[in-house]
Amino acid sequence: MSSPPRGAITAQLEPVVAEAVARSGFDLEEFDVQQAGRRRLIKVVIDSDDGVGLDEISDVSRAVSEVLDAHEHVLAGSYTVEVTSPGVDRPLTRVRHWRRARYRLVKIRFADGEKLVARVGEADDEGVTVLVGGDLRRVAYRDVERAVVEVEFQQPPAEDLVKLERAASGVSQEGDDREDTEESR
């Protein structure tokens with residue numbers, strides 16, 4: 001008995017796997033079906049605003065396995081399921097990726113060739129506010145060719161976080177040097 005082509009299998013299974021992942025409280029970031037010898041390798045990458053822990057990966061793995069068992073006729077043979085979370089080198093390609101990267105340092109390459117390293121602030125459907133060298137800058141997603149999170153081994157500077165918080169809440173950046181007084185709180 002021959003099995004359907006890889007693309008057809010993916011097209012049939014991705015919606016049901018995405019639904020199982022969503023019921024578990026996660027987003028399906030990537031779904032791939034590959035032939036690995038006589039078996040198929042099904043890779044499921046999940047994420048959420050709160051990250052993904054090992055217990056959650058185990059729970060989602062069980063939920064995905066149940067769905068795949070119910071659709072084993074599509075796979076036409078044995079398979080292995082691998083559920084994982086995205087790596088730190090995952091490109092930021094969706095608005096939710098930028099929102100989850102808030103306060104993180106990112107390396108951005110623009111379509112015009114410009115490159116910069118910036119700290120991520122408030123993200124909306126059109127773009128993101130970033131902090132570059134102490135200055136706030138608005139970046140439209142359409143201008144970004146590639147962006148990835150940079151690994152940091154220490155906490156971000158508190159003053160960077162304050163600037164990004166004030167920008168998100170609409171507080172003017174002028175007057176940052178003044179001390180808080182009872183009246184200004």
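Counting restarts for each chain, with residues numbered from 1 along the sequence as it is written. Only residues with pLDDT of at least 70 get local features here, since the model is predicted, and only at 80 or more are side-chain atom pairs given and counted; chain-wide, interface and lining totals rely on the full set of residues. Computation of side-chain values covers all heavy atoms of the structure but excludes hydrogens and water.

This part covers the nonpolar core. As a rule of thumb, soluble globular proteins bury nonpolar side chains together. Side-chain atoms within 4.5 Å are what join buried Ala, Val, Leu, Ile, Met, Phe, Trp, Tyr and Cys residues into a set we call a nonpolar core. Burial classes follow relative accessibility: with a 1.4 Å probe on protein chains only, a residue under 20% of its type's maximum area counts as buried, one over 50% as exposed, and anything between as partly exposed. Membership of the largest hydrophobic core comes to 20 residues, with the highest contact counts inside it found for V21, F31, I42, V44, I46, V64 and L68. Secondary structure is summarised from DSSP: a helix means a run of H or I of at least four residues, a strand means a run of E of at least two, and numbering begins at the N terminus for each. At the level of elements, α1 (6–23), β1 (27–36), β2 (39–47), α2 (54–70), α3 (72–75) and β3 (79–84) are the ones that each hand at least two residues to this core. In this structure, V106, I108, F110 and A118 belong to the second largest nonpolar core, which totals 17 residues.

Bringing the packing of aromatic side chains into the picture now. The rule is short: rings of Phe, Tyr and Trp, with Trp giving its six-membered ring, pair when the centres are within 6.5 Å, and they are stacked under 30 degrees, edge-to-face over 60, tilted in between. In the structure shown here, the tally under the stated rule is 1 aromatic pair. The interplanar angle of 40° and the centroid separation of 5.9 Å between the aromatic rings of W98 and Y141 together place this pair among those described as tilted. A residue pair is termed long-range when its members are at least 10 positions apart, and W98 in helix α4 (residues 95–100) and Y141 in the loop between β7 (135–140) and β8 (144–149) qualify at 43 residues. Considered together, W98 and Y141 belong to a single accessibility category, that of buried residues.

As a note on interpretation, predicted positions should not be read in detail where pLDDT is low. Confidence in the prediction of the chain, expressed as mean pLDDT, is 87, and 89% of residues score 70 or more. Overall, residues 175–185 carries pLDDT values under 50, and its contacts beyond four positions in sequence, including any with other chains, amount to 5 contacts. pLDDT expresses how confident the predictor is about each individual residue, on a scale running from 0 to 100. Residues are treated as being in contact if the distance between any of their heavy atoms lies within 4.5 Å.

Moving on: the sheet that holds β1. In this analysis, strands are considered paired if DSSP registers two or more bridges between them. The 3 strands are arranged β1-β2-β3 in an open sheet whose pairing can be described as mixed. Across the chains shown, the open sheet's two edge strands, defined by having one partner strand only, are β1 and β3. Each adjacent strand pair in this sheet contributes to an overall mean axis angle of 15°, direction not counted. When β2 meets β3, the two strands line up parallel, connected through 6 bridges. Residue pairing in the sheet places I42 in a bridge with V81 of β3. Lines fitted to C-alpha atoms define the axes, with helix axes restricted to the stretch in contact, and inter-axis angles between N-to-C directions lie between 0 and 180 degrees. Packing of α2 onto the sheet brings it into contact with β2 and β3, and relative to β3 it is tilted by some 145°.

All right, on to helix α5 (residues 158–169) then. Between the first and last residue of a helix there are one fewer steps than residues, each counted as 1.5 Å, and that sum is the expected span. With 12 residues, α5 should reach 16 Å at 1.5 Å per residue; the first-to-last C-alpha distance of 17 Å fits that figure. Phi turns positive, to about 80°, at G170, one or two residues after α5.

For the rest of this paragraph, the subject is the layout of surface pockets. By rolling a water-sized probe across the atoms, one finds the places where empty space is left. Only protein atoms enter the 1 Å grid, on which a cavity is a set of points fitting a 1.4 Å probe that cannot get out and a pocket is an open set with protein on both sides within 12 Å along at least 5 of 7 lines, lining residues being those with an atom within 4 Å of a point. Grid points are joined across faces, edges and corners, and a volume is the space filled by probe spheres set on the points. Counted as a void, the largest pocket has a volume near 290 Å³. The calculated volume of the second largest pocket comes to roughly 160 Å³. Lining of the second largest pocket is provided by 13 residues; of these, E29, E30, V45, P86 and R90 occupy positions nearest its centre. Those elements that place two or more of their residues in the lining of the second largest pocket are β1 and β2. Following the grouping adopted for this structure description, the nonpolar residues are Ala, Val, Leu, Ile, Met, Phe, Trp, Tyr, Cys and Pro, the charged ones are Asp, Glu, Lys and Arg, and the polar ones are all others, Gly among them. Partitioned by chemical class, the residues of the lining of the second largest pocket number 2 nonpolar, 5 polar and 6 charged.

Going residue by residue along strand β4 (residues 105–110), you find V106, I108 and F110 tucked away on one face and L105, K107 and R109 left uncovered on the opposite face. Alignment of β4 against strand β5 (residues 115–123), held across 5 bridges, turns out to be antiparallel. Directly across from V106, in β5, lies its bridge partner A118. Summarising the sheet, β4 and β8 pair through 5 bridges and their orientation is antiparallel. The residue of β8 that forms the bridge with F110 is V144.

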